[in-house]
Amino acid sequence: MNQKQLDKLRNNKGFIAALDQSGGSTPKALRLYGIGEDKYSSEEEMFDLVHKMRTRIIKSPSFSGEKILAAILFKITMNSKIDGKYTPDFLWEEKNVVPILKVDEGLAEEENGVKLMKEMKSIDELLENAKERNIFGTKMRSVIYSYNEEGIKAVVKQQFDYAKKIANAGFVPIIEPEVDIHAEEKEKIEKFLHEIMIEELKKLGEKTYVMFKMTLPEVPNLYDDFNDFPNVVRVVALSGGYSREESNRRLKENRRMVASFSRALTEGLQNDMTEEEFDRLLGESVESIYDASSNK
């Protein structure tokens, strides 16, 4: 584990940029960026286009370690290069941004009101690849849609089981049990989720470092006590479909929680913008999210 990167994530002001759209979410990300599906005819062309989009974001003067703590990458991005360097090395060496890797293989079918992660059949191989690419941590996502205690417990158990395996391999895992922002009993779900996660957190060893990525809660500061555990590096928030304005408003209500936004970060960026327009809009986005993350 890179101690400088650990110290930065634990102690510095800033937020995490989520640039980890995978196969399922890439077409939507490109569409929002102004590139329709008629612009590519294969998965290879699609991923090439999205890497160009991410490269443009990362190389922008507005994207730097002064306000961005880390960036979450997709496997293909991790193994692609920017100016001759693998993306994780470019992030850390040129931008002072910690590289994190999305490791889950997508969501399983909904059962008991939740979508667990698909079994990670290639996790050992992926972690070896991540080690070669100087990745610091990982991220994995499940989704909770309705109040079902059995389903919520299954999400938490799966997340923590994988987190222990990942931590044992030398990485800091981000545990992400997303609560759908449209869930009818969102507040009730979050209260029960918090209780179950605290139980699991108490079982972790003090040197098993973890991070948490949580949906912005209905009750502000619900997850604040996670920060009191010495092995919790950071608690971050996902935007989950809220606009940037609404995400920032909610984030400001939560102590010791910083952003890890994807759509809210790139909202409004377009492929046909000039570099000046692109950098200005990204800069405004970075500034607003940094401000919401620093109000602690």
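Labelled according to an unreviewed UniProt entry, the chain appears under the name fructose-bisphosphate aldolase, originating from Peptoniphilus duerdenii ATCC BAA-1640. The Pathway (unreviewed entry) field of the UniProt record for the chain holds the comment "Carbohydrate degradation; glycolysis; D-glyceraldehyde 3-phosphate and glycerone phosphate from D-glucose: step 4/4." Taken verbatim from the UniProt record of the chain, the Sequence similarities (unreviewed entry) comment is "Belongs to the class I fructose-bisphosphate aldolase family."

A. Region of the structure containing the nonpolar core. Phe 63 and Phe 212 are the most contacted members of the largest nonpolar core, which has 82 residues in total. Setting aside its immediate chain neighbours within four residues, Phe 63 contacts Ala 17, Leu 19, Ile 57, Ile 58, Ile 68, Ala 71, Leu 91, Lys 95 and Val 97. Counting 17 residues, the second-largest nonpolar core is a separate cluster that includes Leu 6, Ala 18, Val 98 and Val 233.

B. Structural detail: helix α9 (residues 244–252). For α9, the set of buried residues is Arg 244, Ser 247, Asn 248, Arg 250 and Leu 251. Buried residues of α9 fall within an arc of 165° about the axis and therefore sit on the same side. Those residues of α9 hidden inside the fold are in contact with α8 (186–203), β10 (232–238), β11 (258–261), α10 (263–266) and α11 (275–294).

C. Spotlight on the packing of helix α3 (residues 43–59) against helix α5 (residues 87–95). One way to put it is that α3 packs onto α5 with a least axis distance of 11 Å and a crossing angle of 10°. Judged by the inter-axis angle, α3 sits roughly parallel to α5. Where α3 abuts α5, its residues His 51, Ile 58 and Lys 59 lie against Thr 87, Phe 90, Leu 91 and Lys 95. When its residues are assigned to classes, the contact of α3 with α5 shows three nonpolar, two polar and two charged.

D. Representation of the environment of Leu 32 in the model. For Leu 32, the position within the fold is in helix α2 (residues 26–32). With 238 residues separating them in the primary sequence, Leu 32 and Gln 270 have C-alpha atoms 7.5 Å apart. Non-local contacts of Leu 32, meaning those with residues more than four positions away in its chain, are made with Arg 263, Leu 269 and Gln 270.

E. Seen up close, empty space enclosed by the protein. For the structure on display, the rule yields one cavity of 30 Å³ or more. Lining the largest cavity are Asn 221, Leu 222, Tyr 223, Asp 224, Asn 227, Val 235, Asn 254, Arg 255, Arg 256 and Met 257. Of the residues that constitute the lining of the largest cavity, the class distribution is four nonpolar, three polar and three charged.

F. Structural detail: the pattern of salt bridges. Under the defined criterion, the tally for this structure stands at 26 salt bridges. In this structure, Arg 56 and Glu 275 form a salt bridge, with 3.0 Å as the shortest nitrogen-oxygen distance. Here the residue Arg 56 occupies a position in helix α3, and Glu 275 occupies one in helix α11, the gap between them amounting to 219 residues. In this structure Glu 275 comes out as exposed when scored by relative accessible area, which is 54%. Salt bridges sharing partners connect three or more residues here, namely Lys 186, Glu 190, Glu 218, Glu 246, Arg 249, Arg 250 and Glu 253.

G. Region of interest: the packing of aromatic side chains. By the definition in use, this model includes five aromatic pairs. Every member of this aromatic cluster is reached through a ring pair, and the members are Phe 160, Phe 212, Tyr 223 and Phe 226. The side chain of Arg 56 reaches across the aromatic face of Phe 278, ending 4.1 Å from its centre.

H. View of the environment of Ile 100. Along the chain, Ile 100 falls in strand β5 (residues 98–102). Using a relative accessible area of 0% as the deciding quantity, one classes Ile 100 as buried. With near-sequence residues (within four places) excluded, Ile 100 lies in contact with Ile 16, Ala 70, Ala 71, Ile 72, Leu 73, Ile 135, Gly 137, Thr 138, Lys 139 and Ile 174.

I. Quick peek at the pairing of strand β1 (residues 15–19). Extensive coverage of β1 is indicated by the burial of five of its five residues. As paired elements, β1 and strand β2 (residues 68–73) share five bridges and run parallel to each other. Bridge assignment links Phe 15 to a residue of β2, and that residue is Ile 68.

J. Region of interest: unusual backbone geometry. At Asp 83, a position not held by glycine, the phi torsion is positive, near 50°. Take Asp 83: it is sitting in the loop between β3 (81–82) and β4 (85–86). Positive phi, normally seen in glycine, also occurs at Asn 96, with a value near 60°. Looking at the secondary structure, you find Asn 96 in the loop between α5 and β5.

Rules and cut-offs
Residues numbered from 1 in each chain as written. Predicted model: local features only at pLDDT ≥ 70, side-chain atom pairs only at ≥ 80, totals over all residues. Heavy atoms only, no water. UniProt positions renumbered as here; feature names shortened; annotations may be inferred. Core = buried A, V, L, I, M, F, W, Y, C linked by side-chain atoms within 4.5 Å. Buried < 20%, exposed > 50% of the residue type's maximum accessible area, 1.4 Å probe, protein only. Contact = heavy atoms within 4.5 Å. Helix = DSSP H or I, 4+ residues; strand = E, 2+ residues; numbered from the N terminus. Arc of directions from axis to C-beta. Axes fitted to C-alpha atoms, helices over the stretch in contact; angles between N-to-C directions. Parallel < 35°, antiparallel > 145°, perpendicular 65-115°, else oblique. Nonpolar A, V, L, I, M, F, W, Y, C, P; charged D, E, K, R; others polar. 1 Å grid on protein atoms, 1.4 Å probe; cavity = no way out; pocket = protein on both sides within 12 Å on 5 of 7 lines; lining within 4 Å. Points joined across faces, edges and corners; volume = space filled by probe spheres on them. Salt bridge = Lys/Arg side-chain N within 4 Å of Asp/Glu carboxyl O. Phe/Tyr/Trp six-rings, centres within 6.5 Å; stacked < 30°, edge-to-face > 60°. Lys NZ or Arg CZ within 6 Å of the ring centre and 35° of its normal. Pairing = 2+ DSSP bridges.

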